[in-house]
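A look at the structure
What follows is each chain in one-letter form.
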Amino acid sequence: MPVYLPLHVPVRFNMVNADEIAKLCYERFKQLPRRGKPEPGREWTLLAAVVKISRSAADSDTVEKEVVSLGTGTKCIGRTAMSPNGEVLNDSHAEVIARRGCIRYLIQELHRAVSGGDSSVFRQADERGGKWRLQPGVSFLFFTSHTPCGDAAIVPMIDSQSQPCPPVTSVKGHEGTDARGDLKREAEESSEGKNMKLPRLEEEETAEKNLEDRGDTKQPFLSNSSTSEDPSQSPSVETVSQDSAQLEMKTRGPSDSAGLHYQVPDIHRTGAKCVSGGPADPLHPGMGYHSTGVLRVKPGRGEPTLSLSCSDKLARWGVLGFQGALLSHYLEEALYFSTVVVGKCPYSQEAMQRALVTRCSHVSDLPAGFSVCPPVLLQSSLEFPFSQAQTQLQHKAGQGRISPCGAAISWCNVTEQPLDVTANGYKHGVTKKAFGTAKVRSLLCKLELFHSFLSLVAATEPSALPDSLRRAELQTYWDYKQASQLFQQAWQQLHSQAFPLWPRSDRDLLLFH
């Protein structure tokens with residue numbers, strides 16, 4: 001039996017236990033209606049959530065945890081499917097769904113606050129009432145059942161148990177991608193004479209395509225060290241550190257005085273593509289396949305997307321906050337996730353630190369209310385019951401191919417329409433007749449969130465309006481985002497210092513009202 005020396009991955013910090021958070025989120029998902037959920041044993045999905053933490057001022061040991069937004073999903077629409085009217089949900093990855101649902105929740109809480117009601121989240125930050133801040137003891141953490149797609153997903157692969165299909169001992173030809181970005185691999189029989197049953201090519205490709213929209217593609221074979229290129233020979237490639245990986249120790253023969261050798265055979269791969277203008281993936285076998293620390297866009301079926309990976313978005317939220325430009329009008333300080341908890345899955349603390357923290361740690365000269373706020377990174381030992389790995393274990397003959405669930409679910413703690421189920425960026429189950437009407441719109445799309453924000457503005461007493469919202473020329477979504485000047489200044493600093501290749505939003509897609 002191989003023995004493993006895992007890196008230290010914390011599970012508890014400052015009264016936050018990763019397993020408690022995971023269990024809370026899984027239970028919240030379990031309580032939701034059946035609509036939009038994966039078919040057990042045949043479909044899988046990913047889950048993310050925002051959890052509100054409330055610490056009692058009287059007793060610091062009393063901590064209340066509440067899921068305020070939850071999302072599932074693995075899909076992302078292509079560039080040509082994006083709407084100039086803000087009516088389509090472009091990115092339906094679970095992390096994005098959960099964050100956008102949280103925006104709905106925050107708008108509701110601000111609406112209560114500006115209307116003179118009680119909000120468990122916000123209190124006035126100044127006497128005039130134009131700005132708001134979090135209540136004492138309130139913070140938010142982020143949970144995701146799987147490592148975020150993109151840079152954080154490039155982690156060392158240790159054993160075959162976490163791979164989507166059995167190891168393949170050799171590869172015929174070379175790896176390439178088709179027009180949709182699918183990794184194509186052809187297995188051939190082992191020359192070592194082992195009696196291992198290899199997966200059919202059809203099944204192997206299906207497993208990889210299942211991860212295409214998510215942006216994570218795992219390597220289903222161990223690289224052959226005798227034929228792999230040495231990643232160190234390519235100086236422009238920053239690869240996963242062998243020292244940082246979990247080390248597999250195997251007993252050697254009696255002539256080996258150390259008795260052990262270390263092996264990091266490969267890395268889990270991401271289907272997210274490097275943004276144009278920057279370093280490309282070297283595609284070397286094994287550890288040298290990917291560049292690390294670079295911005296990536298999510299793959300889509302048939303055409304590229306304009307959506308940045310979830311690793312990139314989480315890193316961005318660590319500087320700009322997760323409240324976005326619109327709510328920054330009302331807030332004295334940006335809102336940051338104090339902690340990010342990841343469920344049981346292939347995981348590397350170093351990769352998470354690199355992707356979510358290190359890339360932005362040097363950013364400086366941020367305007368008032370913004371700062372670099374790296375989250376504490378924890379991992380739970382509890383796996384999401386509808387993960388791909390669990391779905392494969394539950395799969396039965398006759399169920400057909402395992403595939404990602406086509407629907408995305410949003411639930412948030414709001415009084416009106418807390419549940420929103422979508423597919424392909426629109427409301428789930430709508431007919432073609434409804435296209436072009438409000439019936440097809442997700443409550444999370446840009447247009448709907450903008451209209452909710454405008455309702456908040458309308459509910460605010462004119463004398464209590466933030467100064468940045470007092471301009472008469474504000475009309476379009478673009479206008480309101482640009483008028484959030486401190487947020488835009490912070491974004492400019494982050495863009496110039498850490499993410500100069502982050503694509504700029506197409507203004508023509510933001511001129512709706």
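Everything discussed here concerns the structure shown above.
The structure presented is a predicted model; accordingly, all values stated were derived computationally and were not measured.

Of all nine residues making up strand β5 (residues 47–55), eight are buried, and the element is well covered by its neighbours. Looking at chain direction, β5 and strand β11 (residues 138–144) are connected through seven bridges and run antiparallel. Opposite Val 50, over in β11, you have Phe 142 as the bridge partner.

Take the sheet that holds strand β22 (residues 337–342) next. In space, the eight strands of this open sheet follow the order β23-β22-β11-β5-β6-β25-β26-β27, with mixed pairing throughout. The strands lining the two open edges of the sheet, one partner per strand, are β23 (376–379) and β27 (426–427). Of the strand pairs in this sheet, β5 and strand β6 (residues 63–72) are connected by nine bridges, and their pairing is antiparallel. Its bridge partner lying in β6, Val 50 is registered against Ser 69. The sheet contacts of helix α2 (residues 94–114) involve β5, β6, β11 and β25 (407–412), and relative to β6 the element is tilted by about 120 degrees.

Quick look at the packing of aromatic side chains now. Applying the stated criterion across every chain yields a total of 20 aromatic pairs. Between Tyr 26 and Phe 143, the aromatic rings sit 5.6 Å apart at their centres with planes inclined by 80 degrees, giving edge-to-face as the arrangement. Of this pair, Tyr 26 sits in helix α1 (residues 18–30) while Phe 143 sits in strand β11, and the two are 117 residues apart along the sequence. Judged on exposure class, the residue Tyr 26 and its partner Phe 143 are both buried. Ring geometry for Phe 450 versus Tyr 477: centroids 5.5 Å apart, planes at 75 degrees, classification edge-to-face. One end of the pair, Phe 450, is in helix α8 (residues 446–459); the other, Tyr 477, is in helix α9 (residues 477–483), and 27 residues separate them in sequence.

Once that is clear, we can look at unusual backbone geometry. Within the chain, Asp 365 stands out as a residue other than glycine whose phi angle is a positive 60 degrees. Looking at where Asp 365 falls in the secondary structure, it is placed in the loop between α6 (349–356) and β23. At Asn 424, a residue that is not glycine, the phi angle is positive and equals roughly 55 degrees. Turning to its location among the elements, Asn 424 is positioned in the loop between β26 (419–423) and β27. On the basis of relative accessibility, which here comes to 65%, the residue Asn 424 falls in the exposed class.

Here the focus is the side chain of Ser 69. Along the chain, Ser 69 turns up in strand β6. For Ser 69, a relative accessible area of 0% gives the class buried. A distance of 2.6 Å separates the side chain of Ser 69 from the backbone oxygen of Ala 98, its partner in a polar contact. There is a polar contact of 3.1 Å between the side chain of Ser 69 and the backbone nitrogen of Cys 102. Beyond its immediate stretch of four places on either side in the chain, Ser 69 contacts Ala 48, Ala 49, Val 50, Ile 97, Ala 98, Gly 101, Cys 102, Trp 411 and Cys 412.

About the criteria used
- Residues numbered from 1 in each chain as written.
- Predicted model: local features only at pLDDT ≥ 70, side-chain atom pairs only at ≥ 80, totals over all residues.
- Heavy atoms only, no water.
- Buried < 20%, exposed > 50% of the residue type's maximum accessible area, 1.4 Å probe, protein only.
- Helix = DSSP H or I, 4+ residues; strand = E, 2+ residues; numbered from the N terminus.
- Pairing = 2+ DSSP bridges.
- Contact = heavy atoms within 4.5 Å.
- Axes fitted to C-alpha atoms, helices over the stretch in contact; angles between N-to-C directions.
- Phe/Tyr/Trp six-rings, centres within 6.5 Å; stacked < 30°, edge-to-face > 60°.
- Polar contact = N/O pair within 3.5 Å; in protein donor to acceptor, adjacent residues only side chain to side chain.

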